[in-house]
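# Overview (structure and organization)
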Amino acid sequence: MNTIQKHILSIGLMLAVFAIGSTSLVVITENATRDKIADNERQTLLNAINILVPAVNYNNDILSDTLEIVPTKALSTTTATTVYRARQNEHAIAAIFTSIAPNGYNGKITLLIGIYQTGELAGVRVITHKETPGLGDKIDERKSNWITQFSGLSLSNPKSSQWAVKKDGGQFDQFTGATITPRAVIQAIKNALHYFEQHQNTLFEQRTEKHYD
Amino acid sequence: MTEQYQTIIRDGLWKNNPALVQLLGLCPLLAVSNTVINGLGLGFATLLTLVASNGLISLFRHHIPDEVRLPVFVMIIASIVTAIELSMSAWFHELYLILGIFIPLIVTNCAITGRAEAFAARNAVGPALVDGFMMGLGFAAVLISLGALREIIGQGTLFSEAHLMFGESARYFKIIIIEDYRGFLMAILPPGAFIGLGLIVALKNVIDTRQTAKITASRDATQADNSALQ
């Protein structure tokens, strides 16, 4: 082996050593943080659910009492969705699941929707969106309380024709300079309510056991 | 020795500021400077990464072969950013939920590779750490100023949504600068970032030119005095 080849080989080896070193750093950190992160994510999810359905209203382990639903046009979902089911002493109380408003001003808006067994909305929150800052982003609970007005509403309250922004003859406020965003969200909520009404019986039926560890 | 540190501090904060003079790391800078709080978040995360990467690279500077130094830098920086992201998610989860989206952006910040190449790979660990800290501080200062500029013009407030970073009690940090302001959307959207940064760079250049003019003028004056005495 001549000197150039030796030189190249030694450089390659050093590169490999650094690759192993930096990969080890990531592996060690991942190992040390994995449980804590899973725990945090579980807690965050639980907090999000409890905002919609207060913890005093149910007594089951809601994160384990889940049902996977296949992608459906009614919810505009493209991947399987998890339904979290709240029960009080085995009686169905509410279902919490994500739904998508596909026609936001800047693409998809993901919503977390809670619906009580009575068909009444426990509440709605926007999880992710790309709406215009200062205009459409008022759907986000951190920016304005617009989204909280839906708690307690159902398909019969208000009646179907009123499930729209005021501009379209409905009862909900649009935002100054942004009608498309609230229109998309309202439509998605209405769709979710319809979906719940049609599938109410099967949604609480099957029991799945899921373990987080 | 102290003189070296003074130069490092002056370079990082002003003379060779990564955002205003080197014009590095513009992608995250322009994307995440629409409010003071966002700027503060990204600034803090960048500062942390810069100190860690400068320190590590300086530590291994005698072992990194010159021919493959860039791939080595990239590997070190990427793994540091990943480690920071995981640690934050584990121990500062609330903060992570807000800054989480910004952290992967830091990998695209060429100011970090730039400091590794220009400083850390050629200097001892002590100065390299200080350089990382000062460059990070300089970058964060620009992020915060640009965030303040865009937030005031865009929505007439300062420190809005501070509770995302400092907890519920910080909700009252928000200062309304202009009452009943209708907002100026362009300042919040990307064009506002470019124009705002342009204005800040221009301001820095004006200050520098004035400074130089003053120094030259006073030097001329002293020279004139001296020749008069002679």
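Residues numbered from 1 in each chain as written. Chains lettered and ligands numbered in written order. Predicted model: local features only at pLDDT ≥ 70, side-chain atom pairs only at ≥ 80, totals over all residues.

## Quick word on the overall build of chain B
Helix and strand counts for chain B come out as 11 helices and 2 strands. Helices (α) and strands (β) of chain B occur, in sequence order from the N terminus, as α-α-α-α-α-α-α-α-β-α-β-α-α. Seen through its C-alpha atoms, chain B measures out along the principal axes to roughly 70 × 55 × 30 Å. Of the contacts formed within chain B by residues at least 6 apart in sequence, a portion of 79% connects residues at least 24 apart. (Helix = DSSP H or I, 4+ residues; strand = E, 2+ residues; numbered from the N terminus. Contact = placed C-beta atoms within 7 Å.)

## Here's the deal with the overall build of chain A
Along its length, chain A carries 2 helices and 5 strands. Going from the N terminus to the C terminus, chain A shows its helices and strands as α-β-β-β-β-β-α. Expected size for 213 residues packed as a compact globule is a radius of gyration near 17 Å; at 24 Å, chain A overshoots this value by more than 25%. A principal-axis box enclosing the C-alpha atoms of chain A has dimensions of 85 × 45 × 30 Å. The proportion of buried residues among the 213 residues of chain A is 29%. Within chain A, contacts between residues at least 6 apart in sequence are counted, and of these 50% link residues at least 24 apart. (Rg over C-alpha atoms; globule rule 2.2 N^0.38 Å. Buried ≥ 20, exposed ≤ 12 C-beta atoms within 10 Å, placed from the backbone.)

## What to know about the interface of chain B and chain A
Contact with chain B, which involves 23 residues of that partner, is made by 19 residues of chain A. Counting only elements with at least two residues in the side of chain B that touches chain A, the list comes to helix 4 (69-91), helix 8 (125-155) and helix 10 (185-188) of chain B. The element that contributes the greatest number of residues to the side of chain B that touches chain A is helix 4 of chain B, accounting for 11 residues. Considered class by class, the residues forming the side of chain B that touches chain A number 11 nonpolar, 10 polar and 2 charged. (Nonpolar A, V, L, I, M, F, W, Y, C, P; charged D, E, K, R; others polar.)

## Let's talk about the domain arrangement of chain A
You'll often see interface size given as the accessible area lost when the parts meet. Along its sequence, chain A is carved into domain 1 (1-52) and domain 2 (56-203). Taken together, the contacts link 7 residues of domain 1 of chain A with 9 residues of domain 2 of chain A. (Domains from an automatic or database assignment.)

## Considering the packing of helix 3 (residues 36-59) of chain B against helix 8 of chain B
All names here are of chain B. Running from N to C, helix 3 and helix 8 point in directions that differ by 165°, and their axes come no closer than 8 Å. Between helix 3 and helix 8, the interaxial angle falls into the category roughly antiparallel. Between helix 3 and helix 8 the crossing geometry is right-handed. Grouping the amino acids of the contact of helix 3 with helix 8 by side-chain chemistry returns 20 nonpolar, 11 polar and 2 charged. (Axes fitted to C-alpha atoms, helices over the stretch in contact; angles between N-to-C directions. Parallel < 35°, antiparallel > 145°, perpendicular 65-115°, else oblique. Left-handed = near helix turned anticlockwise from the far one by under 90°.)

## Structural notes on the sheet that holds strand 2 (residues 81-88) of chain A
Residue and element names in this part refer to chain A. In space, the 5 strands of this open sheet follow the order 1-2-3-4-5, with antiparallel pairing throughout. Two strands close off the open sheet at either side, each with one partner strand: strand 1 (66-69) and strand 5 (121-128). Direction aside, the axes of adjacent strands within the sheet are offset by 25° on average. Both strand 3 (residues 91-104) and strand 4 (residues 107-116) contribute to a ladder of 9 bridges, which runs antiparallel. Residue pairing across strands places Gly-104 opposite Gly-107, the latter belonging to strand 4. (Pairing = 2+ DSSP bridges.)

## Quick word on helix 4 of chain B
Taking 1.5 Å of rise per residue, 23 residues should cover 33 Å, and helix 4 of chain B covers 33 Å from first to last C-alpha, within 8% of that figure. Where helix 4 of chain B is buried, its residues contact helix 1 (3-52) of chain A together with helix 3, helix 5 (93-99), helix 6 (103-107) and helix 7 (110-118) of chain B. (Expected span 1.5 Å × (residues − 1).)

## Examining unusual backbone geometry
Residue and element names in this part refer to chain A. In this structure, the amide linkage connecting Asn-157 to the following residue, Pro-158, adopts the cis form with an omega of 0°. Inspection of the secondary structure assignment puts Pro-158 in the loop between strand 5 and helix 2 (180-203). The phi dihedral of Glu-90 falls on the positive side, at around 75°, and the residue is not glycine. By the element assignment, Glu-90 lies in the loop between strand 2 and strand 3.

## A few points about the confidence of the model for chain B
Residues and elements named next belong to chain B. Chain-level pLDDT for chain B is 85 on average; 97% of the residues reach the 70-or-more range. Per-element mean pLDDT across chain B ranges from 70 in helix 9 (residues 163-166) up to 92 in helix 8. The ipTM value of the predicted complex is 0.75, and its pTM value is 0.74. (pLDDT = per-residue confidence, 0-100.)

## A few points about helix 7 of chain B
Burial in helix 7 of chain B covers these residues: B:Ala111, B:Ile112, B:Thr113, B:Arg115 and B:Ala116. Where helix 7 of chain B is buried, its residues touch helix 3, helix 4 and helix 8 of chain B.

## Remarks on the nonpolar core
Residues and elements named next belong to chain B. With 45 residues, the main nonpolar core has Ile-57, Ile-76, Phe-139, Val-142 and Leu-143 as its most contacted residues. Listed by contribution, the elements that provide at least two residues to this core are helix 3, helix 4, helix 5, helix 6, helix 7, helix 8 and helix 11 (190-229). Other than its neighbours up to four places away in sequence, Ile-57 contacts Phe-73, Ile-76, Ala-116, Ala-120 and Ala-121. (Core = buried A, V, L, I, M, F, W, Y, C linked by C-beta atoms within 7 Å.)

## A short note on the packing of helix 3 of chain B against helix 4 of chain B
Angle between the axes and distance between the axes: these two values describe a pair of packed helices. Residues and elements named next belong to chain B. Two elements in contact, helix 3 and helix 4, have axes whose closest approach is 10 Å; the angle formed by their N-to-C orientations is 135°. As the angle between them shows, helix 3 and helix 4 are arranged oblique. Relative to helix 4, the crossing made by helix 3 is right-handed. Residues Leu-48, Thr-49, Ala-52, Ser-53, Leu-56 and Ile-57 of helix 3 lie in contact with helix 4, whose contacting residues are Phe-73, Ile-76, Ile-77, Ile-80, Val-81 and Ile-84. Looking at the contact of helix 3 with helix 4 residue by residue, the class counts come to 10 nonpolar, 2 polar and no charged.

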